Amino acid sequence: STQSTWDPGMPSESPPVLFAAAGAISCSLAHSFLVPVDVLKTMIQGAPGKYDGFGNAFYRLRKYMGVRMLAQGLGPTAAGYCLQGAVKFGCYEHLLQRDRRGATEPRGLAWPLRMCLYASVAEFLSCFVLCPFEALRIRVVLSPQSALTVLGTAKRMHVQEGWRGLYKGMSMLMLRQVPFTVVKFGLYELFASTLRRVVSAQKHHLSDHQRIQISLSCGVLAGACAAVVTHPADTLLTHIYHPKHTKDVALSVLKNSVSPHAQRSRLSSLFLGLWPRVALLSSVSALQFVLYDVCKVAFGMQPDAENPV
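Residues numbered from 1 in each chain as written. Predicted model: local features only at pLDDT ≥ 70, side-chain atom pairs only at ≥ 80, totals over all residues. Heavy atoms only, no water.

Participant: Just checking my understanding: could you explain empty space enclosed by the protein for this structure?
Facilitator: Using the criterion set out here, one finds 2 cavities of 30 Å³ or more in the structure. What lines the largest cavity is a set of 21 residues, among which His-31, Tyr-81, Gln-177, Phe-180 and Leu-281 lie closest to the centre. Tallying contributions element by element places helix α11 (residues 274–298) first for the lining of the largest cavity, with 6 residues. In terms of residue class, the lining of the largest cavity is made up of 5 nonpolar, 6 polar and 10 charged. (1 Å grid on protein atoms, 1.4 Å probe; cavity = no way out; pocket = protein on both sides within 12 Å on 5 of 7 lines; lining within 4 Å. Points joined across faces, edges and corners; volume = space filled by probe spheres on them. Helix = DSSP H or I, 4+ residues; strand = E, 2+ residues; numbered from the N terminus. Nonpolar A, V, L, I, M, F, W, Y, C, P; charged D, E, K, R; others polar.)

Below, the structure is given as structure tokens:
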């Protein structure tokens, strides 16, 4: 007789392309909506000591460059995270489906670890499509005086550094993205599963409104925690793609910051723009989780306990 596989009451499997489409839409919209915050964060990181906090950066940007500067880098952000979301969500959901098909017993303690592993693999692969767009985003934000379009910026980088220049921050991007996903995803699952148990103990069925509330609150908390943990890598990535810096400059900043004799001010330089990034990623995470669930419903896929990476 054939061995029956464990079925935890999951919805029927959907084609990975639908998950990829939902991921592309949710990631692109969430990150694009918060581009102004990303611009201010990048400006603070790229010019240590120039801005006295988030408010001062906004004031000086509005006064000297105009409010339109807040949309700088919108194109690379929308395109980059559209591709990143498609690869990440499509790969992650495909791995989850394979895991479900092979499961023969209820989930144990290893289940959250497997989910984090799948999320890490998906994020690792998505970095290959995100990296060149992140390079262009940083470059156009930190060199607005060049008056170049995104395409013009890409051509200039090609002339100066070759196409490999778009990928020179790949290792640092992975050091930012993969740990961010693991921390965000792990904490989100912890927070969300706890809240679901509490709510389910009072009501047998979670309403759509309650699902959205849980997604928002847990997404904000998980995104904020993950932003703090991975911020030094984000700062170094900004230095790597700074139009006036080289990769050696970024490595020098890291070496000086973590040396035993480093001054406190040097160590704190790795956390420049932290609060704008916390605000950015906590909001992005919450929006992304909600938009992903909305897209899944629109595509005929019922949201389940395994929320997006």
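Participant: Honestly, the nonpolar core in this entry has me stumped. Any pointers?
Facilitator: A general feature of soluble globular proteins is that nonpolar side chains tend to end up buried together. Met-157, Met-172, Leu-173, Leu-237 and Tyr-241 are the most contacted members of the largest nonpolar core, which has 28 residues in total. Mapped onto this core, the elements with two or more residues apiece are α1 (16–33), α4 (74–102), α5 (110–142), α6 (150–161), α7 (170–202), α8 (208–240) and α11. If one sorts the elements of this core by residue count, α5 sits on top with 7 residues. Not counting residues up to four positions away in its chain, the partners in contact with Met-157 are Ala-135, Leu-136, Arg-139, Gly-162, Gly-165, Leu-166 and Tyr-241. (Core = buried A, V, L, I, M, F, W, Y, C linked by side-chain atoms within 4.5 Å. Buried < 20%, exposed > 50% of the residue type's maximum accessible area, 1.4 Å probe, protein only. Contact = heavy atoms within 4.5 Å.)

Participant: Looking at this structure, I do not really get the packing of helix α2 (residues 35–46) against helix α3 (residues 54–64). What am I missing?
Facilitator: The angle between the axes and the distance between the axes are what describe a pair of packed helices. Remark: α2 packs on α3, axes separated minimally by 10 Å, with the N-to-C direction vectors making an angle of 100°. What the angle tells us is that α2 and α3 run roughly perpendicular. Two secondary-structure elements touch here, α2 through Val-37, Val-39, Leu-40, Met-43 and Ile-44 and α3 through Phe-54, Ala-57, Phe-58 and Leu-61. Here the contact of α2 with α3 is composed, by residue class, of 9 nonpolar, no polar and no charged. (Axes fitted to C-alpha atoms, helices over the stretch in contact; angles between N-to-C directions. Parallel < 35°, antiparallel > 145°, perpendicular 65-115°, else oblique.)

Participant: How do you make sense of the packing of α2 against α5 when you look at a structure like this?
Facilitator: Look at α2 against α5: their axes get within 10 Å of each other, and the N-to-C directions meet at 75°. It follows that α2 is roughly perpendicular to α5 by the angle criterion. Across the interface between the two elements, Asp-38, Val-39, Lys-41, Thr-42, Met-43 and Gly-46 from α2 touch Arg-137, Ile-138, Val-141 and Leu-142 from α5. In the contact of α2 with α5, the residues fall into 5 nonpolar, 2 polar and 3 charged.

Participant: Please explain the state of the cysteines as it appears in this structure.
Facilitator: Such a bond, covalent and formed between the sulfur atoms of two cysteines, is termed a disulfide. Taken as a whole, this structure holds 0 disulfides when the rule is applied. With no disulfide of its own, Cys-295 lies 9.9 Å from the sulfur of Cys-27, the closest cysteine sulfur. (Disulfide = S-S within 2.5 Å.)

Participant: What should I look at first to understand the packing of aromatic side chains in this one?
Facilitator: Geometry of an aromatic ring pair is reported as the spacing of the ring centres plus the angle between the planes. A complete count under the given rule lists 2 aromatic pairs for this structure. Ring geometry for Phe-89 versus Tyr-292: centroids 4.4 Å apart, planes at 40°, classification tilted. Taken together, the residues span a long stretch of sequence, with Phe-89 in helix α4 and Tyr-292 in helix α11 at a distance of 203 residues. Looking at Phe-89, the relative accessible area reads 0%, which means it is buried. Residue Tyr-292 is classed as buried on the basis of its relative accessible area of 0%. Residues Phe-124 and Phe-128 carry aromatic rings whose centres are separated by 5.5 Å and whose planes lie at 85° to one another, so their mutual orientation is edge-to-face. Here Phe-124 and its partner Phe-128 are both found in helix α5, 4 residues apart, which amounts to about one turn of the helix. Residue Phe-128 is classed as partly exposed on the basis of its relative accessible area, which comes to 39%. (Phe/Tyr/Trp six-rings, centres within 6.5 Å; stacked < 30°, edge-to-face > 60°.)

Participant: Explanation requested: the pattern of salt bridges in the structure shown.
Facilitator: Between side chains of opposite charge, a pair can form when the charged atoms approach closely. Across all of its chains, the model carries 11 salt bridges by this definition. A salt bridge links Glu-123 to Lys-88, with the shortest nitrogen-to-oxygen separation between them at 3.3 Å. Within this pair, whereas Glu-123 is found in helix α5, its partner Lys-88 is found in helix α4, the two being separated by 35 residues in sequence. The shortest N-O distance in the salt bridge between Arg-176 and Asp-234 comes to 2.7 Å. You can see Arg-176 sitting in helix α7 and its partner Asp-234 sitting in helix α8, a full 58 residues away along the chain. For the residue pair Arg-176 and Asp-234, the accessibility class agrees, reading buried in each case. (Salt bridge = Lys/Arg side-chain N within 4 Å of Asp/Glu carboxyl O.)

Participant: Please explain the side chain of Arg-277 as it appears in this structure.
Facilitator: As for its position among the elements, Arg-277 is in helix α11. For Arg-277, a relative accessible area of 4% translates into the label buried. If sequence neighbours within four positions are ignored, Arg-277 has contacts with Lys-41, Arg-176, Phe-180, Ala-227, Thr-230, His-231 and Asp-234.

Participant: What am I meant to see in the environment of Ile-212 here?
Facilitator: Relative to the assigned elements, Ile-212 resides in helix α8. Here Ile-212 falls in the partly exposed class, since its relative accessible area comes to 39%. Residues Ile-212 and Leu-291, 79 residues apart in the sequence, show an inter-C-alpha distance of 9.6 Å.

Participant: Would you mind showing me how to read α1 here?
Facilitator: For an α-helix, the turn length of 3.6 residues means that residues three or four places apart are oriented alike. Taking 1.5 Å of rise per residue, the 18 residues of α1 would be expected to cover 26 Å, and the 26 Å separating its terminal C-alpha atoms lies within 8% of that figure. Within α1 the residues assigned to the buried category are Phe-19, Ala-20, Ala-22, Gly-23, Ala-24, Ser-26, Cys-27, Ser-28, Ala-30, His-31 and Ser-32. (Expected span 1.5 Å × (residues − 1).)

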